[in-house]
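Structural description and commentary
Spelled out from the first residue to the last, the chains are:
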Amino acid sequence: MITSDTEVAIIGGGAAGIAAGRHLSAAGIGCLIIEARPRLGGRAWTVDASGFGIDLGCGWLHSADRNPWTQVAEAQGRTIDRSPPPWDKPALEPGFPVAEQREFRAALHALYERVGVAAQQAQDVPMASLLEPGSRWNALLGSIGTYISGGELDHVSALDFDNYADTGVNWRVREGYGTTIAAHAQPVPVALACPVHRIDHGGRRVRIETAKGVVTADRVIVTLPTTVLAEMQDLFAPALPGKTQAAADLPLGLADKLFLSLENAEEFEPDSRLFGRTDRATATYQLRPLGRPMIECYFGGRNAWELEAGGENAFVDFALGELTGLLGHDFAKRVKPITMHPWGADPFARGSYSYALPGKVASRAALAAPVDERLFFAGEACSTHDFSTAHGGFITGVTAAEQVIAVRQRATA
Ligand SMILES: Cc1cc2nc3c(=O)[nH]c(=O)nc-3n(C[C@H](O)[C@H](O)[C@H](O)COP(=O)(O)OP(=O)(O)OC[C@H]3O[C@@H](n4cnc5c(N)ncnc54)[C@H](O)[C@@H]3O)c2cc1C
């Protein structure tokens, strides 16, 4: 059994739940994070493998110069790596000569410009409708779109895509982004391995039914990933169909990482990059991430969903097929699988990061809106401008905690 009574129950111990818990604890408000997994961090997860901390979920401090996790990492005494990300440099030439890369970059910028123009129109459209018909770069633009949003461009709202705010500064934490986020929870009470099945908000106090017993609370902050929230139609009693619908409008797209060890890695520059193919759905390969002797293979969208159906071997075979196609048959002898995590099959994530379906941008605010001054909502999908990210999770967690504090002050005034 777990602690059965708390002032504020926080459902989910990822970036949002942890930030909310820290904020409430700092304000002297009792809270309990209730987390389904036996670990904290959610989609932020660093594992020790081959002597390194490897981020299977978030790895980049996007908008690092205004990202609150940067300060948290610094306060924890961690090492921030400020070297430029691979996507700010030309890719390696095998399979993609520099002249073609220039053409591709022009096509990418032209797409972003069309997205900016489309976002000014009254009617939202799918990103795919803004591709130039017949362009030879559409397959690669689609792959890049899946790395950014996790979704295929025909499902992704152009307005939402345009709403994303990025300062263009991208750093990493050498010890791991996931380690940093999980460690931030340190003073907050936590119940681990404790999935929540139902949140009954019909009575005087909120009753939270979990695998380890019932918790009662005055208020609740819900931070579940949208796809999980949409699947759990009976989570709320009385039901909250508006929340279930808003979550369904903001599905999690899929991005998966596979890490391979690499012999004689020094042949490549640190943080260099290869695209597997330019003419069909492809993976991207970051060679020597943080200077380490490994390759981080990144798969997105439908390609990642299809590979998950075949298990880890399907990812390894796909990566080896593309890498040997670019670097020669013998390259296969230099690499070995280290680790990966299939986020789509993960029952407590069901994907990697949220995108809005065309016409559904307002669902982010609808998801974030409190209910009856007792149920509050946070998580990356609740953010209008920093969605998909761990800092979006942080910011929405703090916002929900502030909402709780304001309601509490009004109640005692
Ligand atoms: C492969 C990959 C790469 C990424 N790269 C980046 C990146 O470079 N930079 C970046 O900023 N972001 C990145 N992200 C996205 C980032 O990890 C997420 O946006 C962020 O971690 C989400 O935090 P959150 O708190 O909103 O949700 P989560 O981390 O999903 O937290 C929700 C929590 O709820 C728990 N939960 C689920 N069901 C239940 C239940 N029934 N009861 C109790 N608890 C439950 C989950 O276990 C989880 O811990 C990446 C994600 C992936 C998967």
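The coordinates are above.
In this text the structure is predicted, and so the values were computed from the model without any measurement.

For the rest of this paragraph, the subject is helix H1 (residues 15–26). Its 12 residues place the ends of H1 16 Å apart at the C-alpha level, agreeing with the 16 Å of an ideal helix rising 1.5 Å per residue. Next to the buried residues of H1 lie strand E1 (5–11), strand E2 (31–34), helix H2 (68–75), helix H6 (177–183), strand E11 (213–222) and helix H12 (390–412).

Soluble globular proteins: nonpolar side chains tend toward being buried together. By size, the foremost hydrophobic cluster in this structure holds 36 residues, and its most contacted members are Val8, Ile10, Leu24, Leu61, Trp69, Ile181 and Ile221. When residues of this core are traced back to their parent elements, those giving at least two are E1, H1, E2, H2, strand E7 (171–173), H6 and H12. Top contributing element to this core by residue count: H12, with 8 residues. Beyond its immediate chain neighbours, meaning those up to four positions away, isoleucine 221 contacts Val8, Ala9, Ile10, Ile11, Ala20, Leu24, Phe376, Ala378, Ala400, Ala401 and Val404. Residues Leu56, Leu260, Met294 and Val335 belong to the second largest nonpolar core, which totals 33 residues.

Here we come to the site of the ligand. The local shell around the ligand holds 37 residues, among which Glu35, Arg37, Arg43, Trp60 and Glu380 are the closest. Interatomic distance of 3.1 Å between a backbone N/O atom of alanine 15 and an oxygen atom of the ligand. The contact in question runs from a nitrogen atom of the ligand to an N or O atom on the backbone of valine 196, over 2.9 Å. When the ligand is considered free in solution it has 1,000 Å² of accessible area, and contact with the protein chains removes 98% of it. Of all the secondary-structure elements, those providing two or more residues to the shell around the ligand are H1 and strand E14 (255–262). The class makeup of the residues in the shell around the ligand is 19 nonpolar, 13 polar and 5 charged.

Across the sheet, 3 strands lie side by side as E5-E7-E6; this open sheet has antiparallel pairing. Of all the strands in the sheet, just strand E5 (60–61) and strand E6 (80–81) have a single pairing partner and so form its edges. Taken together, the 2 bridges between E5 and E7 define a ladder with antiparallel strand orientation. Counted as the bridge partner of tryptophan 60 is arginine 172 from E7.

Side-chain pairing between opposite charges can occur once the charged atoms of the two side chains come close. On inspection of all chains with the given rule, the structure shows 19 salt bridges. Among the salt bridges present, the one from aspartate 330 reaches lysine 333, with a minimum N-O distance of 3.2 Å. Taken together, the shared-partner salt bridges connect Asp81, Arg172, Arg174 and Asp271 into one network.

On to the packing of H1 against H12, then. To describe two helices that pack against each other, one gives the angle between their axes and the distance between the axes. Where H1 meets H12, the closest approach of the two axes is 7 Å, and the angle between their N-to-C directions is 40°. With respect to H12, the axis of H1 lies oblique. Every pair of crossing elements has a handedness; the one defined by H1 and H12 is right-handed. Residues Ala15, Ala16, Ala19, Ala20, His23 and Leu24 of H1 form the contact with H12, whose participating residues are Ala390, Gly393, Phe394, Thr396, Gly397, Val398, Ala401, Glu402, Val404 and Ile405. When the residues that make up the contact of H1 with H12 are grouped by side-chain class, the tally is 11 nonpolar, 4 polar and 1 charged.

Under the criterion given, the structure shown has 14 aromatic pairs. Residues tryptophan 69 and phenylalanine 394 carry aromatic rings whose centres are separated by 4.8 Å and whose planes lie at 90° to one another, so their mutual orientation is edge-to-face. You can see tryptophan 69 sitting in helix H2 and its partner phenylalanine 394 sitting in helix H12, a full 325 residues away along the chain. Of the two residues, tryptophan 69 and phenylalanine 394, both sit in the buried class. For the pair phenylalanine 268 and phenylalanine 331, a centre-to-centre distance of 6.3 Å together with 85° between the ring planes defines the contact as edge-to-face. Here phenylalanine 331 lies in the loop between helix H10 (311–327) and strand E18 (335–340) and phenylalanine 268 lies in the loop between E14 and strand E15 (272–275), a separation of 63 residues in the sequence. A relative accessible area of 8% places phenylalanine 268 in the buried class. The class for phenylalanine 331 is buried, based on a relative accessible area of 4%.

Calculation criteria
- Residues numbered from 1 in each chain as written.
- Predicted model: local features only at pLDDT ≥ 70, side-chain atom pairs only at ≥ 80, totals over all residues.
- Heavy atoms only, no water.
- Helix = DSSP H or I, 4+ residues; strand = E, 2+ residues; numbered from the N terminus.
- Expected span 1.5 Å × (residues − 1).
- Contact = heavy atoms within 4.5 Å.
- Core = buried A, V, L, I, M, F, W, Y, C linked by side-chain atoms within 4.5 Å.
- Buried < 20%, exposed > 50% of the residue type's maximum accessible area, 1.4 Å probe, protein only.
- Near = heavy atom within 4 Å.
- Polar contact = N/O pair within 3.5 Å; in protein donor to acceptor, adjacent residues only side chain to side chain.
- Areas by Shrake-Rupley, 256 points an atom, 1.4 Å probe, with all protein chains shown as cover.
- Nonpolar A, V, L, I, M, F, W, Y, C, P; charged D, E, K, R; others polar.
- Pairing = 2+ DSSP bridges.
- Salt bridge = Lys/Arg side-chain N within 4 Å of Asp/Glu carboxyl O.
- Axes fitted to C-alpha atoms, helices over the stretch in contact; angles between N-to-C directions.
- Parallel < 35°, antiparallel > 145°, perpendicular 65-115°, else oblique.
- Left-handed = near helix turned anticlockwise from the far one by under 90°.
- Phe/Tyr/Trp six-rings, centres within 6.5 Å; stacked < 30°, edge-to-face > 60°.

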